Amino acid sequence: MSTTTTDAVPVLTSVEDTIEQFRDHGYLADHRMGTTVFLQTRLEKPVLLEGPAGVGKTQLAQSLAEVTGRRLIRLQCYEGQDESKALYEWDYGKQLLYTQILREKIGQIVSDTTDLTEAVDRISAHDSVFFSERFLAARPLLEAITSEDPVVLLIDEVDRADEALEAVLLELLSEFQISIPEIGTVRAKHLPLVVLTSNNTRDLSAALKRRCLHLFLDYPGPERELDILRSKETGLRDALAARLVEIVRGLRELELRKAPSISETIDWARTLAVLGVDELDATVLSDTLSVVVKYERDMRRAGEALPRLLDPNAVVPEGHGHGHDHHHGHGHSHEHPHPHSDDDLDGREVRLAKDSPGRHDTDYYGAPGGLDRSRQVNQGQGSRSFAGRGARKRPV
Ligand SMILES: Nc1ncnc2c1ncn2[C@@H]1O[C@H](COP(=O)(O)OP(=O)(O)O)[C@@H](O)[C@H]1O
Ligand SMILES: [Mg+2]
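The notes below deal with the structure included here. For clarity, every value in this text was computed on a predicted model and none was experimentally measured.

1. Overview of the pairing of strand S5 (residues 151-156)
Logical step 1: Of all six residues in S5, six are buried, a share of seventy percent or more.
Logical step 2: Burial along S5 is two-sided: Val 151, Leu 153 and Ile 155 facing one way and Val 152, Leu 154 and Asp 156 facing the other are all buried.
Logical step 3: Note: strand S2 (residues 71-76) against S5, six bridges, orientation parallel. By the bridge assignment, Gln 76 is partnered in S5 with Asp 156.
Logical step 4: Relative to strand S8 (residues 193-198), S5 runs parallel, the two sharing four bridges. When the bridges of S8 are listed, Leu 154 appears paired with Val 195.

Laid out in structure tokens, this is it:
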């Protein structure tokens, strides 16, 4: 790590300053979020954001890039993702093009050989020409490591990635380096600020969690959600926006397949503003319900609940506390994920089924540097480019 520069992030001087700067960039963070982000910039640890869809996880990383003036590099994870799409690939097309152009030269090299074996040997002596950085196509992880300027690396929805990719991430997150057998180990020029997000469709490994600062993002409290709504300039009057926030909070308490997120509150407010609504009644809300509720069964449930949610006794007048007997979802604890908030429930079930017992044991990846780890990491690498086939080893 001797060549790695530690880039302090001078722009963030304290937790309060962090919150303020995020606010200046349009992101409203609470104290807990501000603390985690501030600590991340000081401790140079990756942050893992977990929580339901639409609570501002991705946006937090994007805002971190804006606040720190760093470029954002994003790795969007998905099921079945090949590690070559995350790390690097050999640019096969470019290699081929060069061999075509250099056909004559290559012909000269092998001209005096007598058989195929000799010719192949002769060519392979020149492997390093074709497996050099010139022909390396960096994917987000390598790009973040080799970047000339400090970056924010967003590894988005890591819970969608397969375990093999998670194992690859471990090396990166603990060593900030990537080993390429044909070239060597590439160390980070500047330590990236790394943000991982997870929608909790499956548990992440203990080994991954151990390397990160951890933050659960949940739906915001009513004041912060209203603040966010105001900051988006939806065009909806404040008093109506406050009521709308309460109604959305009520909807989140229903057992919906997909609970409405902050972005949906924003969309609903914009919709109502466009319609020129100056009073929230059951008709206009149910007419526009599809903006916030996306499944037919949810529509029915939400539709039935609307009159109750609209009941004056259930609505908090502006500027007052929550003295009413109606309960508005303050019970959303930060400790538990929202089973109904994932926007990809089918995928979730599939992955849950795949989640083999015991896989999250602390020892799954072995102790750092242990043999187990390298064995695990080497699994699933056969699908790398032809160059790396069989040749690729990771440092232990
Ligand atoms: N704290 C916040 N401040 C400002 N806007 C927010 C905040 N949280 C969420 N949002 C809004 O909600 C939208 C959805 O957030 P996003 O980051 O995409 O959610 P997630 O990645 O958690 O699914 C964002 O584009 C942003 O407009
Ligand atoms: Mg996201």
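2. Digging into helix H14 (residues 262-274)
Logical step 1: The first and last C-alpha atoms of H14 sit 18 Å apart over 13 residues, in line with the 18 Å expected at 1.5 Å per residue.
Logical step 2: Residues of H14 that are buried include every one of Ile 262, Glu 264, Thr 265, Ile 266, Trp 268, Ala 269 and Leu 272, and no others.

3. Details of the pattern of salt bridges
Logical step 1: Throughout the structure, instances matching the rule amount to 18 salt bridges.
Logical step 2: The shortest N-O distance in the salt bridge between Glu 89 and Arg 139 comes to 2.7 Å. Residue Glu 89 is found in strand S3 (residues 88-90), and its partner Arg 139 is found in the loop between strand S4 (136-138) and helix H9 (140-146); the two are separated by 50 residues along the sequence.
Logical step 3: Since its relative accessible area comes to 17%, Glu 89 is described here as buried.
Logical step 4: Here Lys 294 ties to Glu 264 by a salt bridge, and the two come within 3.3 Å at their closest N and O atoms. One end of the pair, Lys 294, is in the loop between helix H15 (282-287) and helix H16 (296-310); the other, Glu 264, is in helix H14, with 30 residues separating them in the sequence.
Logical step 5: Judged by relative accessible area, Glu 264 falls into the buried class, the value being 9%.
Logical step 6: The structure contains a network of salt bridges with shared partners spanning Arg 23, Asp 227, Arg 230 and Asp 238.

4. Here's the deal with a negative patch on the surface
Logical step 1: A contiguous patch of negative charge on the surface is contributed by Asp 278, Glu 279, Asp 281 and Asp 287.
Logical step 2: Looking at the secondary structure, you find Asp 278 in the loop between H14 and H15.

5. Digging into the nonpolar core
Logical step 1: Formed by 39 residues in total, the largest nonpolar core has its most connected members in Tyr 88, Leu 141, Leu 153, Ile 155, Ile 178, Ile 180 and Leu 196.
Logical step 2: Only S2, S3, H9, S5, helix H10 (163-175), strand S6 (177-180), S8 and helix H11 (206-210) provide two or more residues apiece to this core.
Logical step 3: Of all the elements, H10 adds the most residues to this core, at six residues.
Logical step 4: Each of domain 1 (15-87 + 139-218 + 357-378) and domain 2 (89-134) gives at least three residues to this core.
Logical step 5: The contact partners of Leu 141, leaving out residues within four places of it in the chain, are Leu 75, Ala 86, Leu 87, Leu 153, Ile 155, Leu 169, Leu 172 and Ile 178.
Logical step 6: By size, the runner-up hydrophobic cluster in this structure holds 33 residues, among which are Ile 228, Leu 229, Ala 302 and Leu 310.

6. Description of the packing of aromatic side chains
Logical step 1: Going through the model one piece at a time under the given rule, you end up with five aromatic pairs.
Logical step 2: Ring centres 6.0 Å apart and planes at 75° place the aromatic pair Phe 22 and Tyr 27 in the edge-to-face group.
Logical step 3: Take Tyr 27: its relative accessible area is 6%, and that puts it in the buried class.
Logical step 4: Between Tyr 98 and Phe 135 the ring centres are 4.9 Å apart and the planes differ by 90°, which places this aromatic pair in the edge-to-face class. With Tyr 98 in helix H5 (residues 92-101) and Phe 135 in the loop between helix H8 (127-130) and S4, the pair connects residues that are 37 residues apart, well separated along the chain.

7. Some details on the sheet that holds S2
Sheet strands pair by backbone hydrogen bonding; their relative direction is either parallel or antiparallel.
Logical step 1: Read across the open sheet, the five strands follow the order S2-S5-S8-S1-S9; overall the sheet is parallel. Only two strands of the sheet have a single neighbouring strand rather than two, namely S2 and strand S9 (213-216). Each strand axis lies, on average, 20° off the axis of its neighbour in the sheet, ignoring direction.
Logical step 2: Of the pairings in the sheet, the one linking strand S1 (residues 47-50) to S9 comprises four bridges and is parallel in character. In the sheet register, Val 47 faces S9, and the bridge partner there is Leu 213.

Calculation notes
- Residues numbered from 1 in each chain as written.
- Chains lettered and ligands numbered in written order.
- Predicted model: local features only at pLDDT ≥ 70, side-chain atom pairs only at ≥ 80, totals over all residues.
- Heavy atoms only, no water.
- Buried < 20%, exposed > 50% of the residue type's maximum accessible area, 1.4 Å probe, protein only.
- Helix = DSSP H or I, 4+ residues; strand = E, 2+ residues; numbered from the N terminus.
- Pairing = 2+ DSSP bridges.
- Expected span 1.5 Å × (residues − 1).
- Salt bridge = Lys/Arg side-chain N within 4 Å of Asp/Glu carboxyl O.
- Patch = residues over 30% accessible without salt bridge, like charges linked within 9 Å, V, L, I, M, F, W, Y side chains within 5 Å.
- Areas by Shrake-Rupley, 256 points an atom, 1.4 Å probe, with all protein chains shown as cover.
- Lys, Arg positive; Asp, Glu negative; His and termini not counted.
- Charge placed at Lys NZ, Arg CZ, Asp CG, Glu CD.
- Core = buried A, V, L, I, M, F, W, Y, C linked by side-chain atoms within 4.5 Å.
- Domains from an automatic or database assignment.
- Contact = heavy atoms within 4.5 Å.
- Phe/Tyr/Trp six-rings, centres within 6.5 Å; stacked < 30°, edge-to-face > 60°.
- Axes fitted to C-alpha atoms, helices over the stretch in contact; angles between N-to-C directions.

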